[in-house]
Amino acid sequence: MTVNTQPVTESPDDPRAFGLPLVDAHSLPAELRTLVSRVHDLVDAVANTEVDTDTLAETAATVEGLTDRLNVARRQIGAMVRRELGDGTTMVGTITNIVEGETNPAAPQLFLDRTDEGLRAEVTLNTIYQGPPGLVHGGWIAAMLDQAVGSVSAVETSPGLTANLEIDYRRPTPLFTPLEITSWVERVEGRKVFVAGRIRAHGQVTAEATALMIRVEADG
Ligand SMILES: CCCCCCCCCCCCCC(=O)SCCNC(=O)CCNC(=O)[C@H](O)C(C)(C)COP(=O)(O)OP(=O)(O)OC[C@H]1O[C@@H](n2cnc3c(N)ncnc32)[C@H](O)[C@@H]1OP(=O)(O)O
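Residues numbered from 1 in each chain as written. Predicted model: local features only at pLDDT ≥ 70, side-chain atom pairs only at ≥ 80, totals over all residues. Heavy atoms only, no water.

**Overview of the side chain of glutamine 147**
Working step 1: Assignment of secondary structure puts glutamine 147 in helix α3 (residues 138-156).
Working step 2: The exposure class assigned to glutamine 147 is buried, which follows from its relative accessible area of 15%.
Working step 3: Here asparagine 97 takes part through its side chain, which lies 3.0 Å from a polar atom of the side chain of glutamine 147.
Working step 4: Apart from residues lying up to four places away in sequence, glutamine 147 is in contact with Asn97, Val99, Glu100 and Leu112. (Helix = DSSP H or I, 4+ residues; strand = E, 2+ residues; numbered from the N terminus. Buried < 20%, exposed > 50% of the residue type's maximum accessible area, 1.4 Å probe, protein only. Polar contact = N/O pair within 3.5 Å; in protein donor to acceptor, adjacent residues only side chain to side chain. Contact = heavy atoms within 4.5 Å.)

**Observations concerning the pattern of salt bridges**
Working step 1: As enumerated under the stated definition, the model contains 13 salt bridges in all.
Working step 2: Here arginine 114 makes a salt bridge to aspartate 87, at a shortest N to O gap of 3.1 Å. A residue pair is termed long-range when its members are at least 10 positions apart, and arginine 114 in strand β4 (residues 113-114) and aspartate 87 in the loop between β2 (80-84) and β3 (90-94) qualify at 27 residues.
Working step 3: The exposure class of arginine 114 is partly exposed, given its relative accessible area of 27%.
Working step 4: Residue classification places aspartate 87 among the partly exposed positions, given a relative accessible area of 45%.
Working step 5: Note that glutamate 122 and arginine 120 form a salt bridge whose closest N and O atoms lie 2.7 Å from each other.
Working step 6: Arginine 120 gets classed as partly exposed once you look at its relative accessible area, which sits at 30%.
Working step 7: A cluster of three or more residues bridged by salt bridges with shared partners is formed by Asp14, Arg16, Asp24 and Arg82. (Salt bridge = Lys/Arg side-chain N within 4 Å of Asp/Glu carboxyl O.)

**Observations regarding a nonpolar patch on the surface**
Working step 1: Where nonpolar side chains cluster on the molecular surface, the patch consists of Leu42, Val46 and Val63 and spans about 210 Å² of accessible area.
Working step 2: Checked against the element boundaries, valine 46 lands in helix α1 (residues 30-48).
Working step 3: Of the residues examined, valine 46 reaches a relative accessible area of 54% and is grouped as exposed. (Patch = residues over 30% accessible without salt bridge, like charges linked within 9 Å, V, L, I, M, F, W, Y side chains within 5 Å. Areas by Shrake-Rupley, 256 points an atom, 1.4 Å probe, with all protein chains shown as cover.)

Shown next, in the form of structure tokens:
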């Protein structure tokens, strides 16, 4: 049996949650956010460490114990989070989303916010997201753009799934550099939402995406 003892707001009536457990981002405990951030740093430390084997073995045992401690109370798969955007509107997504999820230490925490054109985020990536030396992995570039175009479609129309995603890699996307990610809706035809997005580093476009999102309705 799993028990969730965290003091979070349950709001099952938002149709964008598809009947799944939904919490408001602002009600997540500060302690959880701190833990996520510390583990994010831990992943980077593990990925890059050259310490001696005794330290490695001790650390592995410690981490195993911590994992067991946390696993006594797990969220339901698909649990959702609702975040408030700068203009007061809200966005709903899975709480462990690999790009944006508040509780996911592996996520780069790409927090998109509303602009006049669509959505925008800024993020700086470290070697956890490395593909070629010093550069962001192409799959991660696609993942961030998928998130950005999927989210703008959800915010400006209603939630949907990516049917098609096309990426043009224009220039290498550097690590340890602020990246600006933007997305916007180009047109809507019934359930089909045609969207686009881009990533810029130092003001120069490094990648561009076009995508087709298909809006889905909650059952019942
Ligand atoms: C569940 C929602 C969660 C919400 C979370 C919100 C946060 C968002 C952030 C998340 C961001 C991350 C996002 C992710 O990671 S989403 C995860 C990755 N995507 C998927 O897993 C989707 C898999 N595919 C499907 O489930 C189905 O194919 C879908 C649902 C997409 C459509 O199957 P459905 O049976 O419903 O519809 P339909 O087949 O009648 O097609 C409808 C229309 O679309 C046209 N068409 C279809 N495919 C293509 C194509 N490839 N190119 C061009 N056109 C295409 C088709 O011809 C038709 O046109 P028309 O004949 O009407 O003119």
